[in-house]
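Report on the structure
Here is how the chains run, residue by residue.
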Amino acid sequence: MPQTRQAVPPQDWPLLLVVEDDPRMRGLLRSVLRANGFRTLEAETSKDGIEIAVNALPHFIFVDLGLPDGDGVDLIRRVREWSSVPIFVLSGRDRLHEKVAGLNAGADDYLTKPFVPDELLARVRAALRRMAARDRPVATASFETGDLRIDLIRRLVTVRGQRIYLTPTEYRLLVVLVQHAGCVVTHERLLSEVWGPGKADFIHYTHIYMTYLRRKLEPDPMNPVYLLTETGIGYRLSSR
Amino acid sequence: MTAVRLRPRRGYRWLALRPTAQQGIPKAGTTLRPYGASFIATAICSMTGWALAPWIALDSLVMVYLVGVVVVAARYGRGPSIVAAVASAVAFDFFFTLPFFSLRIADPRLVITVGVMLFVGLVISELTSALRERDRAAVDHARRVRVLYSLTRDLARATDDAHIYQAARRHVARAVGRDVFFFRPTESASPDLIEVGHGHLDSDSTRIEIAEWVFHHRRRAGTGTTHHPDAEAIYLPLVAADRALGVIMVRPRSPGSRLTVQQTRFLGHCARQVAGAMERERLVRAAHAAERAAEEEQLRNSLLASVSHDLRQPLMVIEGAASSLLDGPGAPANPIYWERVQLLVAEARQMSDTVNKILDMTRFESTAVQLDRRWYPVETLVLGAVNRVRGCLSEHVVIPAMPNELLWVYVDALVFEKLLTNLLENAAKYSEAGSHISISAGCFGNAIEIRVTDEGCGLPPGDTDAVFRKFHRGKHRNAVPGIGLGLSICRAIVALHEGDITAHRRPTAGTEFVVKLPVVPGAPAAQGDFEVAGASCSG
């Protein structure tokens, strides 16, 4: 086992909480994370998870939504009441509703089991970086990914230096995605942040405006590289 | 035969004079005996009158004759009683009026007496015989109802066709005094019918022939009908809910006796009852079979689901652990190590994929699958699917081609994405690296079509539909991993969305899969005033 081989991890390594009921999956996560510069804490149930989250103040939380005592979604909601720690949902391939519920409850992103360790680590590191950036006093004034640049102060969108004109709604949609860059944003959240609350029946707005945005921003709208579709869940602005 | 019986009837008694052993079947042809009886009755009345004449008045003698008329009317009916009334009037005139032994009547007052006597006698005969006929009809009817009732009761109790035949045979035979036979359809094509209780061989071939005609035309045949009227038996179809279930044949025990209209009608009623019971029995059997099928389905599903679960979880761990070896630090520099780990990852991934496919097939085939259907532009779904399978399509050039206007489909996004990813993966599997895979959509008439085309080896000649069958594999099966479920899943998914999927050989090279979805009314407007107020943008 890795624990026996490894020395006690240094205290300055980020602390990750894994809430997962399957010991095999927990073991795998522990092994991958510890080998790559993270400390881990583990909880089997949502109740234990909340307790550890309150006491140990981890830098990052993984929540499996198929917990035996019920509700991973509840844990997310409870933690979100007092903390903005990045939370990732771990979920099976077909558990679409779970994922959407977890994301709408305040989780930052999801990982589908089985996950590729490389991707997992990249996503965790990106989330931790974002968290660190958010804690800095100066707000990010601009966002850049590939050839796409968004100047949030001057409300300027350029692709390869070429200025792109957006309608107010398109711009607002893009800003919401920028605020969660790299993470999936559910249709419901896009809808309420762009169009306001009480529009639950108008999810198709998001599809329509994402199509407009794609046609304006993507070099090839049929092979999008910035605005990615997460079918049934929402959209993601690529941050790579 | 001449016994006279008093029958009790509800609350009062009435002379219901009927033969005890006649079974309600009138003899063919009328005999002259009742008319002889009229004369005998008249003679008896005359002798009685002669004996009583010294003590009673002449008018009272008329009553004696009228008693005779009543008895004849009650016993033999209208004709004989009219004869008796006339004969009584003549006998009274002949024997008791002056001059005796002559039809002349000296006293004109007695002419009136004789006339009234004739009139009263005729009225009595008419009334009594009408009453008698009504009584007989009522009794026969009651008897038939009783038989039908007990037949129905026994049929209700019957639990299979053999019991039904037995009950029907017993009751019908007793009611009409004839032999009853049944024919039922066979499972094989020829002959269509066999006689119940006999093998094919001992049945008379003309019988079977008539029975088959009855079965197929659902009309009666045999004696008293237009088809084969020369046959000695009558054949009735057993029809319930517009389906012929068999044929009933009723044959007289002695040749030559015919059925009355009422009896034929009664047989019709019995046939309907029997057919109803058989239909009920058939439905009960069908319900049982459906129940069993549902139980089997449930068992199969839960077995598959639990097996897949117990396979899937460990496979996830194996796959994750193996791929972590690829990325993790401290791996040996030996290239053999890398090869082996890559093999491990690839195989674990393949196995996961197989397990997932089995799970999907199980899910989409079960009757309880629930779809979460919403409106999506085809473009969004296609791009999402392409994005998802990017990894396994990395060696191919994928060309999505979407119309400028948004095409809306009403689907379960995740399920529909599975359809698209399966089609794309299938295209990638069966075409060379570097070749093009195109996915396009369009609206044609009242169907939305999504086409996935590749430049691969194409379908084998023959039945292009075969590719959608479960566990069907292409000709390069050994070179390509998979278990042949991908396209069956596609078909199941399309069926869940009331659509249609077909495969075509392309004239040049490769295969084209066409998914057709019906246009569902209520699509969101493509253009609209969804702009939010405020928030001005650059420019």
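Residues numbered from 1 in each chain as written. Chains lettered and ligands numbered in written order. Predicted model: local features only at pLDDT ≥ 70, side-chain atom pairs only at ≥ 80, totals over all residues.

Our next topic: the overall build of chain A. Looking only at helices and strands, chain A features nine helices and 12 strands. Among the 240 residues that make up chain A, the fraction classed as buried is 42%. (Helix = DSSP H or I, 4+ residues; strand = E, 2+ residues; numbered from the N terminus. Buried ≥ 20, exposed ≤ 12 C-beta atoms within 10 Å, placed from the backbone.)

Before going further, it helps to spend a moment on the overall build of chain B. In terms of helices and strands, chain B carries 11 helices and 14 strands. Counting every position in chain B, which comprises 539 residues, the buried fraction comes to 33%. Within chain B, contacts between residues at least 6 apart in sequence are counted, and of these 63% link residues at least 24 apart. (Contact = placed C-beta atoms within 7 Å.)

Quick look at the sheet that holds strand 10 (residues 184-186) of chain A now. Residue and element names in this part refer to chain A. In spatial order, the strands read 10-12-11; together these three strands make up an open sheet with antiparallel pairing. In the strand order of this sheet, the two ends are held by strand 10 and strand 11 (227-230), each with one partner. Within the sheet, the average angular offset between the axes of one strand and its neighbour, ignoring direction, is 30°. With four bridges joining them, strand 11 and strand 12 (residues 234-237) adopt antiparallel strand pairing. When the sheet's bridge partners are listed, L228 is paired in strand 12 with R236. Together, strand 10 and strand 12 form the strand contacts of helix 8 (residues 187-194), whose direction differs from that of strand 10 by roughly 70°. (Pairing = 2+ DSSP bridges. Axes fitted to C-alpha atoms, helices over the stretch in contact; angles between N-to-C directions.)

The subject of this paragraph is the interface of chain B and chain A. Size of an interface, as often reported, equals the accessible area lost when the parts are brought together. Facing 41 residues of chain B, the contacting portion of chain A comprises 42 residues. For the side of chain B that touches chain A, the secondary structure elements donating two or more residues are helix 7 (261-327), helix 8 (335-365), strand 8 (373-377), helix 9 (378-388) and helix 10 (413-429) of chain B.

To continue, consider the nonpolar core. By size, the foremost hydrophobic cluster in this structure holds 122 residues, and its most contacted members are F62 and V63 of chain A together with V382 and L424 of chain B. Here this core takes nine residues from helix 10 of chain B, the largest share from any one element. Sequence-distant contacts of V382 of chain B, that is, excluding residues within four places in its chain, are made with P400, M402, L420, I439 and A441 of chain B. Counting 38 residues, the second-largest nonpolar core is a separate cluster that includes A167, Y235, L236 and M278 of chain B. (Core = buried A, V, L, I, M, F, W, Y, C linked by C-beta atoms within 7 Å.)

Turning our attention to the environment of V73 of chain A. Residues and elements named next belong to chain A. For V73, the position within the fold is in helix 4 (residues 72-80). Between the C-alpha atom of V73 and that of V89, which follows or precedes it by 16 residues, the distance is 9.0 Å. Beyond its immediate sequence surroundings of up to four residues, V73 is in contact with L65, A101, G102 and A105.

Take the packing of helix 3 (residues 78-96) of chain B against helix 4 (residues 108-157) of chain B next. All names here are of chain B. Helix 4 packs onto helix 3 with a crossing angle of 165° between their chain directions and a minimal axis gap of 9 Å. Taken as axis vectors, helix 3 and helix 4 run roughly antiparallel relative to one another. Every pair of crossing elements has a handedness; the one defined by helix 3 and helix 4 is right-handed. Two secondary-structure elements touch here, helix 3 through R78, S81, I82, A85, V86, S88, A89, F92 and D93 and helix 4 through V114, M117, L118, G121, L122, S125, E126, T128 and S129. Along the lines of polarity and charge, the residues of the contact of helix 3 with helix 4 split into nine nonpolar, six polar and three charged. (Parallel < 35°, antiparallel > 145°, perpendicular 65-115°, else oblique. Left-handed = near helix turned anticlockwise from the far one by under 90°. Nonpolar A, V, L, I, M, F, W, Y, C, P; charged D, E, K, R; others polar.)

Turning our attention to the sheet that holds strand 7 (residues 148-151) of chain A. Residues and elements named next belong to chain A. With respect to topology, four strands assemble into an open sheet ordered 6-7-8-9, the strand pairing being antiparallel. Each having just a single partner strand, strand 6 (142-145) and strand 9 (162-163) make up the two edges of the open sheet. Pairing analysis gives four bridges linking strand 6 to strand 7, with the strands arranged antiparallel. By the bridge assignment, F143 is partnered in strand 7 with I150.

Of all residues in chain A, 91% have pLDDT values of 70 or greater, and the mean over the chain is 83. Here residues 1-6 of chain A is modelled with pLDDT under 50, and outside its nearest four sequence neighbours on either side it reaches four contacts, counting other chains as well. (pLDDT = per-residue confidence, 0-100.)

What follows concerns helix 7 (residues 168-179) of chain A. Residue and element names in this part refer to chain A. Relative to the 16 Å expected for 12 residues at 1.5 Å per residue, helix 7 spans 16 Å between its end C-alpha atoms, a close match to the ideal helical length. What helix 7 keeps buried is the set T169, E170, Y171, R172, L173, L174 and L177. Where helix 7 is buried, its residues meet strand 7, strand 8 (156-159), strand 10, helix 8, helix 9 (204-217) and strand 12. (Expected span 1.5 Å × (residues − 1).)

Before going further, it helps to examine the pairing of strand 4 (residues 87-91) of chain A. All names here are of chain A. Taken across its five residues, strand 4 has five buried, putting it largely inside the fold. Neither face of strand 4 is open: one carries I87, V89 and S91, the other F88 and L90, and all of them are buried. Both strand 3 (residues 60-64) and strand 4 contribute to a ladder of four bridges, which runs parallel. The residue bridging V63 from the neighbouring strand is V89, located in strand 4. Relative to strand 5 (residues 109-112), strand 4 is paired through four bridges, and the arrangement is parallel.

So, about unusual backbone geometry. In this structure, R160 of chain A is a non-glycine residue whose phi angle is positive, near 50°. Judged by local crowding, R160 of chain A falls into the exposed class, with 9 C-beta atoms found within 10 Å. Non-glycine residue H228 of chain B carries a positive phi angle of around 50°. Note that H228 of chain B resides in the loop between strand 5 (221-222) and strand 6 (234-240).

Residues and elements named next belong to chain A. Following both chains from N to C, one finds helix 7 and helix 8 inclined at 125°, their axes separated by 10 Å at the closest point. Taken together, the axis directions place helix 7 and helix 8 in an arrangement best described as oblique. Helix-helix and strand crossings are classified by hand; for helix 7 and helix 8 the assignment is right-handed. Between helix 7, through T169, R172, L173 and V176, and helix 8, the contact on the second element is made entirely by L190, E193 and V194.

What follows deals with helix 5 (residues 161-176) of chain B. All names here are of chain B. Here helix 5 spans 22 Å end to end across 16 residues, near enough to the 22 Å set by a 1.5 Å rise per residue. Those residues of helix 5 that fall on the buried side of the exposure criterion are I164, Y165, A167, A168, H171, V172, A175 and V176. Directly after helix 5, the chain includes G177, whose backbone phi takes a positive value near 65°.

Bringing the confidence of the model for chain B into the picture now. Residues and elements named next belong to chain B. Model confidence for chain B is summarised by a mean pLDDT of 79, while 86% of its residues fall at 70 or above. Considering only residues more than four positions removed or in separate chains, one finds that residues 533-539, a stretch of pLDDT under 50, has 15 contacts. For this predicted complex, the interface confidence score (ipTM) comes to 0.81, while the overall pTM stands at 0.61.

Looking now at the environment of A492 of chain B. All names here are of chain B. Relative to the elements of secondary structure, A492 occurs in helix 11 (residues 486-496). Judged by local crowding, A492 falls into the buried class, with 23 C-beta atoms found within 10 Å. Here the alpha-carbon distance between A492 and D360, two residues 132 residues apart in the chain, equals 9.6 Å. For A492, the contacting residues outside a window of four places in its chain are M361, F364 and E365.

Before going further, it helps to examine the environment of P34 of chain B. All names here are of chain B. With respect to the secondary-structure elements, P34 resides in helix 1 (residues 33-52). On a C-alpha basis, the gap between P34 and G79 in space is 8.6 Å, while along the polypeptide they are 45 residues apart. Contact partners of P34, with chain neighbours within four places excluded, come to Y76 and P80.

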